[in-house]
Amino acid sequence: MSADEPQFELSGLDRIAAALERLAPPAPVAPDWLAHPAYVWTGTSARPVDPLEAPALALIRGVDAQKAAVAENVLRLAAGAAAHDMLLWGSRGMGKSALVRAAVRSAQDAYSGRIALIQAAPDESLATLLSELRATDRQFLILLDDLGFDAGDAGSARRLRSWLEGGVEARPANVRLAVTSNRRAIVERHMAEQDDPINPRDVVDDRLALADRFGLSLGFHACSQDDYLAIIAGYAVHYGLAFAEDDALTWSKQRGSRSGRVAWQYVNELAGRAGRSL
């Protein structure tokens, strides 16, 4: 720069603005909704998950009727046909979320990745996610895992009802929701409400109103001893592991329950004893 050229100095405010701009985090990169088998929605953007970790459908046992219904529904969604929103409710550890993942992975194999799984939370940002997916030429299943609303969280329940059906922000045709919960009513219910002398039935109906919005509602109940052993046997055959029924039953008694999760933990123990990885 020559001595004759004018020189400009930044004012104090300009320097502060420039410094703040340098400190500001970069804008989130728009997700590529066509590139990955699964995503985690963070509230502002999506984090890709590749590969989608899920057991083979054949390894999920003890819930045969539920498995068939979920797999068929997800296949319909992947094919672009009419499909239901799903509520999978019931006993902990019976493979509800694992079944959803397995069904999506199976549908991806059948339809060359035409469907993706998105794990999200039922907060206000879900409206933004639905808006983005509406303009995407792909099918999506949004998983809201282990859902339960406290008595003071009625707003989230109302938003979910609106997304499922009837609201101006209802989910688009290429998107369905899969919700897992330990209870069918999802929303917390107190015994005191059952004794409301004004209109106790209205209280119960309001609690069930959200569950009734799902076209497919499937209960998962604690497995019998035979089912528990059958689940272990299926994994043992698949991974080439030997086990004794008495040992497997002792394992469940020590944990105070029989479930698909406890069965898998026992299989993991078997593999560890054999010096194997799973």
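Residues numbered from 1 in each chain as written. Predicted model: local features only at pLDDT ≥ 70, side-chain atom pairs only at ≥ 80, totals over all residues. Heavy atoms only, no water.

1. Some details on the overall build of the protein
Of regular secondary structure, the protein possesses 10 helices and seven strands. Going through the 278 residues of the protein one by one, you find that 41% of them count as buried. The long-range share in the protein, meaning contacts at least 24 apart out of those at least 6 apart in sequence, stands at 69%. Taken as a whole, the protein presents about 15200 Å² of accessible surface, with 50% of it coming from carbon and sulfur. (Helix = DSSP H or I, 4+ residues; strand = E, 2+ residues; numbered from the N terminus. Buried < 20%, exposed > 50% of the residue type's maximum accessible area, 1.4 Å probe, protein only. Contact = heavy atoms within 4.5 Å. Areas by Shrake-Rupley, 256 points an atom, 1.4 Å probe, with all protein chains shown as cover.)

2. Quick look at the packing of helix H2 (residues 64-79) against helix H3 (residues 96-110)
At their nearest, the axes of H2 and H3 sit 9 Å apart, and the two run at 45° to each other. Taken together, the axis directions place H2 and H3 in an arrangement best described as oblique. Remark: the crossing between H2 and H3 carries right-handed chirality. Contact with H2, carried on its side by Gln-66, Lys-67, Val-70, Ala-71, Val-74, Leu-75 and Ala-78, involves Leu-99, Ala-103, Val-104, Ala-107 and Ala-110 of H3 and no other residues of that element. Split by residue class, the contact of H2 with H3 holds 10 nonpolar, one polar and one charged. (Axes fitted to C-alpha atoms, helices over the stretch in contact; angles between N-to-C directions. Parallel < 35°, antiparallel > 145°, perpendicular 65-115°, else oblique. Left-handed = near helix turned anticlockwise from the far one by under 90°. Nonpolar A, V, L, I, M, F, W, Y, C, P; charged D, E, K, R; others polar.)

3. A short note on the packing of aromatic side chains
Scanning the model with the defined rule gives seven aromatic pairs in all. Put simply, the rings of Trp-33, Tyr-39, Trp-41 and Phe-140 touch in pairs and so form one group of aromatic residues. Directly above the aromatic system of Trp-251 lies the positively charged group of Arg-255, at a separation of 3.3 Å from the ring centroid. (Phe/Tyr/Trp six-rings, centres within 6.5 Å; stacked < 30°, edge-to-face > 60°. Lys NZ or Arg CZ within 6 Å of the ring centre and 35° of its normal.)

4. Some remarks on the side chain of Lys-96
Along the chain, the position of Lys-96 falls in helix H3. One buried charged residue, Lys-96, remains without a salt bridge, the closest side chain of opposite sign being Asp-146 at 6.9 Å. Contacts of Lys-96, omitting those with residues within four sequence positions, involve Leu-88, Trp-89, Gly-90, Ser-91, Thr-180, Ser-181, Asn-182 and Phe-220. (Lys, Arg positive; Asp, Glu negative; His and termini not counted. Salt bridge = Lys/Arg side-chain N within 4 Å of Asp/Glu carboxyl O.)

5. A few points about H3
Taking 1.5 Å as the rise per residue, H3 with 15 residues should run 21 Å; its terminal C-alpha atoms sit 21 Å apart, in good agreement. Those residues of H3 that sit buried are Lys-96, Ser-97, Ala-98, Leu-99, Val-100, Ala-102, Ala-103, Val-104, Ala-107 and Gln-108. Of the surrounding secondary structure, the elements contacted by the buried residues of H3 are H2, strand E3 (86-90), strand E4 (115-119), strand E5 (139-144), strand E6 (175-181) and strand E7 (216-220). Of the residues one or two after H3, Ser-112 is the one with positive phi, at around 50°. (Expected span 1.5 Å × (residues − 1).)

6. Side note on unusual backbone geometry
The residue after Asp-50, namely Pro-51, is reached through a cis peptide bond having omega 5°. You will see that Ser-112, though not glycine, has its phi angle at about 50°, which is positive. Relative to the elements of secondary structure, Ser-112 occurs in the loop between H3 and E4. Of note in the backbone geometry, Asp-146 takes a positive phi value of approximately 55° without being a glycine. Counting through the fold element by element, Asp-146 comes out in the loop between E5 and helix H5 (154-164).

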